[in-house]
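Here is what each chain is made of, one letter per residue.
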Amino acid sequence: VQLQASGGGLVQAGGFLRLSCAASGRTFSRYASGWFRQEPGKERELVAAISRSGSTTYYADSVKGRFTISVDSAKSTLYLQMNSLKPEDTAVYYCSARPNSISSSIYTTGYSYWGQGTLVTVSS
């Protein structure tokens, strides 16, 4: 599966953005999926994940209550709605898909397919 992320940009603190990740070749219903982010000089971290079935989600503590992950299987698109953005949310965001996933399980590792990354910059 090939993934194409989009939707990043510059926003003021308190604002919102919606990231999209389009899949080609396969649909997200075949994979658990997630959004990661990486700041310069830091390791990539998992921000949000969703099960293959879409029934279970996971959020990092730092974004809980502000970000929402969802998937539109018909459109083969993964979304990350980001509200109440903070300067510390500034990073390159990557979408990812994990094969060999059980339908309702959440995974924090084992992701094999990656989008190219989209930059989110939140100004104070």
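Just above, that's the structure.
Residues numbered from 1 in each chain as written. Predicted model: local features only at pLDDT ≥ 70, side-chain atom pairs only at ≥ 80, totals over all residues. Heavy atoms only, no water.

Engineer: Explain the overall build of the protein to me, using residue names and the numbers behind them.
Structural biologist: Helices and strands together make up the secondary structure of the protein, namely 0 helices and 11 strands. By the burial criterion, 43% of the 124 residues in the protein qualify as buried. Residue pairs at least 24 apart in sequence account for 59% of intrachain contacts in the protein once pairs closer than 6 positions are excluded. Carbon and sulfur atoms provide 47% of the accessible area of the protein, an area that totals close to 6200 Å². The centroid of the 12 positive side-chain charges in the protein is displaced by 10 Å from the centroid of its 7 negative side-chain charges. (Helix = DSSP H or I, 4+ residues; strand = E, 2+ residues; numbered from the N terminus. Buried < 20%, exposed > 50% of the residue type's maximum accessible area, 1.4 Å probe, protein only. Contact = heavy atoms within 4.5 Å. Areas by Shrake-Rupley, 256 points an atom, 1.4 Å probe, with all protein chains shown as cover. Lys, Arg positive; Asp, Glu negative; His and termini not counted. Charge placed at Lys NZ, Arg CZ, Asp CG, Glu CD.)

Engineer: Could you give an account of the environment of T108, with specific residues and numbers?
Structural biologist: Considering the arrangement of structural elements, one finds T108 in the loop between β9 (91–98) and β10 (113–114). For the pair T108 and Y58, spaced 50 residues apart in sequence, the C-alpha separation works out to 9.1 Å.

Engineer: Hey, could you go over the pairing of strand β5 (residues 45–50) for me, with residue numbers and the actual values?
Structural biologist: Counting buried positions along β5 gives 5 out of 6 residues, so the element sits mostly inside the fold. Sheet topology note: the strand β4 (residues 32–38)/β5 ladder contains 5 bridges and is antiparallel. Pairing of S33 across the sheet is with I50, part of β5. With 3 bridges connecting them, β5 and strand β6 (residues 57–59) associate as antiparallel partners. When the sheet's bridge partners are listed, A48 is paired in β6 with Y59. Counted along the chain from β5 to the antiparallel partner β6, the turn is 6 residues long, and its residue G54 has a positive phi close to 85 degrees. (Pairing = 2+ DSSP bridges.)

Engineer: Break down the sheet that holds strand β1 (residues 2–6) for me, with residues and values.
Structural biologist: The 4 strands lie next to each other as β1-β3-β8-β7, forming an open sheet whose pairing is antiparallel. Across the chains shown, the open sheet's two edge strands, defined by having one partner strand only, are β1 and β7 (67–72). Sheet twist, expressed as the average angle between the axes of neighbouring strands with direction ignored, equals 15 degrees. (Axes fitted to C-alpha atoms, helices over the stretch in contact; angles between N-to-C directions.)

Engineer: So what's going on with the side chain of R66? Residues and values would help.
Structural biologist: Along the chain, R66 turns up in the loop between β6 and β7. Under the relative-accessibility criterion, R66 is labelled buried at 10%. The contacts of R66, once residues within four sequence positions are left out, are Q81, M82, N83, S84, L85, K86 and D89.

Engineer: Describe the nonpolar core, and please don't skip the residues or the numbers.
Structural biologist: Core analysis: the biggest nonpolar cluster contains 28 residues, and W35, F67, I69, L78, L80, M82 and Y93 have the highest contact counts within it. Of all the secondary-structure elements, those providing two or more residues to this core are β1, β3 (17–24), β5, β7, β8 (77–82), β9 and β11 (118–123). If we ignore the near neighbours within four places in the chain, the residues touching I69 are S33, G34, W35, A48, A49, I50, T57, Y59, L78, Y79 and L80. F36, L46, A49 and Y111 belong to the second largest nonpolar core, which has 6 residues in total. (Core = buried A, V, L, I, M, F, W, Y, C linked by side-chain atoms within 4.5 Å.)

Any link to function would need more than the numbers given here.
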